[in-house]
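A structural walkthrough
Read off the chains here:
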Amino acid sequence: MGKTEKVKDEVVTLIMHNLGKPAANAFAESYATSTMPIFLDTAVSVLSDMVGLQKAQQAMNEILSKNSMKGLQNVS
Amino acid sequence: MSVKGFVQLSLIFIYIFALFAYIFPFTTSGIQHSVLLFTSLVSVAGGVYAVMTYGLHGARSRTVVLLTIGMVLLFIGEALWNYYEVLGVLPFPSNADFFYLLSYPFLLWGLLNEILLAKIVWKNFSKALIFMLFFTAFLLACIVGYFGVFLAYHSTEPLFNNIIAMAYGVADLVLILVNLLVLLLVLEFRGGKLSKTWISIFIGFVAMLIADILFAIFTMDYESGVGMYKTIIDGFFMLSYLLFAYGLFDLAFSLEEITYKLSHKKK
């Protein structure tokens, strides 16, 4: 599995943990084939709806830094 | 009107109706407790609906499931209490207390699960706020310790009755301390819909704490139905149940809204 797929997988799992399986499935179905910036941007937007922007960015940055990818400072 | 608005309005209407059922002189104790039982059932409905919306997978689902189990146990306690009242048997202490007290570990577990899940970043909070939190915790510990544990002891009552009465105070104390951490979740999730849910659940627990403390102090007045004791105490219990219901329904509706948006969004 490539780095991009791994990050996408982890983001979907993060959404599942925070918003449950139906929301995670809906997200995965709609955005699995999207480009990485759109995928991440939407994930932060969806998460922030529930947990607030600060918390959503914090969680997303954790995933990205763990996978040695660029942070999300400019993504909201 | 949206379903969410309808449910919110219904909860307010149920509370007003429930209070009227207590204030009107022609209502019996049985009717009053049935109304209380109904509000407890509404909180279970809120929990079950939230579990159905979240599904059983995921860390936050665990929080919702645990809180719902707590609500179900409280409902069983209320149902047993009602049953004993109908039979004309003094319901305190009874099997109902076993279920009431059993609900606390589940509620506590649910709250702790949420706190761990949130991964609170302590450095984001000012030292003044942390101090205020500890100070409030200490103050509440003193208040609950005095009113909920010390004053709950009646030398004329059997030891078992006193242990049960004081157990509520101790359980409430632990719960309210964890709830103060929940208050941090409200700040952590600010701007998000979860924040509203946790405010509602926090106020619900505060209402339950007030009801438990008043019950521990005025048990005999409550049971004899003298004055407004029963109305006030049950009023707080009903408020707590309906606030739990509000929080859980709101959580479920918010989630449905997000899932709907995701399912119908153009790629």
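Below, the structure is looked at part by part. (Residues numbered from 1 in each chain as written. Chains lettered and ligands numbered in written order. Predicted model: local features only at pLDDT ≥ 70, side-chain atom pairs only at ≥ 80, totals over all residues. Heavy atoms only, no water.)

Check the secondary structure of chain B and you find nine helices and zero strands. Reading the secondary structure of chain B in the N-to-C direction produces α-α-α-α-α-α-α-α-α. Compactness check: chain B gives a C-alpha radius of gyration of 19 Å against a globular reference of 18 Å for 267 residues, within 12% of the reference. Seen through its principal axes, chain B has C-alpha atoms that stretch 70 × 45 × 30 Å. Looking at chain B as a whole, 51% of its 267 residues are labelled buried. Restricting the contact set of chain B to residue pairs at least 6 apart, pairs at least 24 apart contribute 77%. Total accessible area on chain B is roughly 12,600 Å²; 77% of this is exposed by carbon and sulfur atoms. Where the 14 positive side-chain charges of chain B centre and where its 14 negative ones centre are 25 Å apart. (Helix = DSSP H or I, 4+ residues; strand = E, 2+ residues; numbered from the N terminus. Rg over C-alpha atoms; globule rule 2.2 N^0.38 Å. Buried < 20%, exposed > 50% of the residue type's maximum accessible area, 1.4 Å probe, protein only. Contact = heavy atoms within 4.5 Å. Areas by Shrake-Rupley, 256 points an atom, 1.4 Å probe, with all protein chains shown as cover. Lys, Arg positive; Asp, Glu negative; His and termini not counted. Charge placed at Lys NZ, Arg CZ, Asp CG, Glu CD.)

Glancing now at the interface of chain A and chain B. Opposite the 24 residues of chain A that make contact, chain B presents 31 residues. Together, Asp49, Met50 and Lys55 of chain A form the three largest contributors to the area buried by chain A at its contact with chain B, with a combined 26%. Across the contact surface, chain A and chain B share four salt bridges. Note that Glu62 of chain A and Lys119 of chain B form a salt bridge whose closest N and O atoms lie 3.4 Å from each other. Where chain A touches chain B, the interface holds 14 residue pairs in polar contact (both at pLDDT 80 or more). Those elements that provide at least two residues to the side of chain A that touches chain B are helix H1 (3-19), helix H2 (21-31), helix H3 (36-51) and helix H4 (53-66) of chain A. Here the side of chain A that touches chain B gets eight residues from one element, more than from any other, and that element is H2 of chain A. (Buried area = accessible area lost by both parts, 1.4 Å probe. Salt bridge = Lys/Arg side-chain N within 4 Å of Asp/Glu carboxyl O. Polar contact = N/O pair within 3.5 Å; in protein donor to acceptor, adjacent residues only side chain to side chain.)

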